[in-house]
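Chain and residue survey
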Amino acid sequence: MAMKNPYQTYSNNAVTTASPGELTLMLYNGCLKFINQAKQAVADGNIEAKNTSIQKAQAIIQELMVTLNMEMAVSENLMSLYDYLNRRLVEANIKNDTIILEEVEGFVTEFRDTWKEVIQKNRQLQHAGTGGQA
């Protein structure tokens, strides 16, 4: 029996056991990873790798769009921002423009950092609600 790649096993377990909030954080981190790969590919003149990385970043933004709960007021604003980011990624892909990629990276970093704070505060509230017991 072949042994599975331990990193792949860990990654699969991390995704399957993550809360919805943690999954969103993983999406933001993945998007940032692909944007950075795209920037490097542009610098290296590797158009195919740039295209693939930007398309992966776009797929993550699109996933964030379809998972929005549109019953919440903030979701309309997020939908507009995600749509803008998606269009900017298309433009960056067409123009091989790292400045646009950096702009999108800035937005996604802010979203990720804010989301991370929300998760941490939620954990603190849950921990406080249990009287400090695990």
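One can find the structure itself at the top, above this paragraph.
Remember, it's a predicted structure, so these values are computed and weren't measured experimentally. (Residues numbered from 1 in each chain as written. Predicted model: local features only at pLDDT ≥ 70, side-chain atom pairs only at ≥ 80, totals over all residues. Heavy atoms only, no water.)

Some points on the packing of aromatic side chains
Any aromatic ring pair is given by two values, namely how distant the centres are and how the planes are angled relative to each other. Tallied over the entire structure, the rule returns three aromatic pairs. On the basis of an interplanar angle of 70° and a centroid distance of 6.1 Å, the ring pair of Tyr-84 and Phe-107 is categorised as edge-to-face. One end of the pair, Tyr-84, is in helix H4 (residues 73-95); the other, Phe-107, is in helix H5 (residues 98-129), and 23 residues separate them in sequence. A residue is classified by how much of its surface remains accessible, and Phe-107, at 28% relative accessible area, is partly exposed. The structure contains a cluster of three or more aromatic residues connected by ring pairs, namely Tyr-28, Tyr-82 and Phe-111. (Phe/Tyr/Trp six-rings, centres within 6.5 Å; stacked < 30°, edge-to-face > 60°. Helix = DSSP H or I, 4+ residues; strand = E, 2+ residues; numbered from the N terminus. Buried < 20%, exposed > 50% of the residue type's maximum accessible area, 1.4 Å probe, protein only.)

A few points about the layout of surface pockets
Counted as a void, the largest pocket has a volume near 460 Å³. Thr-24, Leu-68, Leu-78, Tyr-82 and Trp-115 are, among the 17 residues lining the largest pocket, the residues nearest its centre. Counting only elements with at least two residues in the lining of the largest pocket, the list comes to helix H2 (20-44), H4 and H5. At five residues, the largest contribution of residues to the lining of the largest pocket is made by H2. Partitioning the lining of the largest pocket into residue classes produces 12 nonpolar, five polar and no charged. (1 Å grid on protein atoms, 1.4 Å probe; cavity = no way out; pocket = protein on both sides within 12 Å on 5 of 7 lines; lining within 4 Å. Points joined across faces, edges and corners; volume = space filled by probe spheres on them. Nonpolar A, V, L, I, M, F, W, Y, C, P; charged D, E, K, R; others polar.)

Quick word on the pattern of salt bridges
Two side chains with opposite charge may pair up if their charged atoms get near one another. One pass over the structure, following the stated rule, counts seven salt bridges. Across the pair Glu-22 and Arg-123 runs a salt bridge, and its minimum N-O distance is 2.4 Å. You can see Glu-22 sitting in helix H2 and its partner Arg-123 sitting in helix H5, a full 101 residues away along the chain. We classify Glu-22 as partly exposed; its relative accessible area is 25%. (Salt bridge = Lys/Arg side-chain N within 4 Å of Asp/Glu carboxyl O.)

Examining the side chain of Lys-39
Within the secondary structure, Lys-39 sits in helix H2. You can call Lys-39 buried: its relative accessible area is 17%. Residue contacts for Lys-39: discarding those within four places in its chain leaves Thr-98, Leu-101, Glu-102 and Glu-105. (Contact = heavy atoms within 4.5 Å.)

Examining H4
Taking 1.5 Å of rise per residue, the 23 residues of H4 would be expected to cover 33 Å, and the 34 Å separating its terminal C-alpha atoms lies within 8% of that figure. Within H4, the full set of buried residues consists of Ser-75, Tyr-82, Leu-85, Asn-86, Arg-88, Leu-89, Ala-92 and Asn-93. Buried residues along H4 sit in contact with H2, helix H3 (47-66) and H5. (Expected span 1.5 Å × (residues − 1).)

Geometry only, nothing functional implied.
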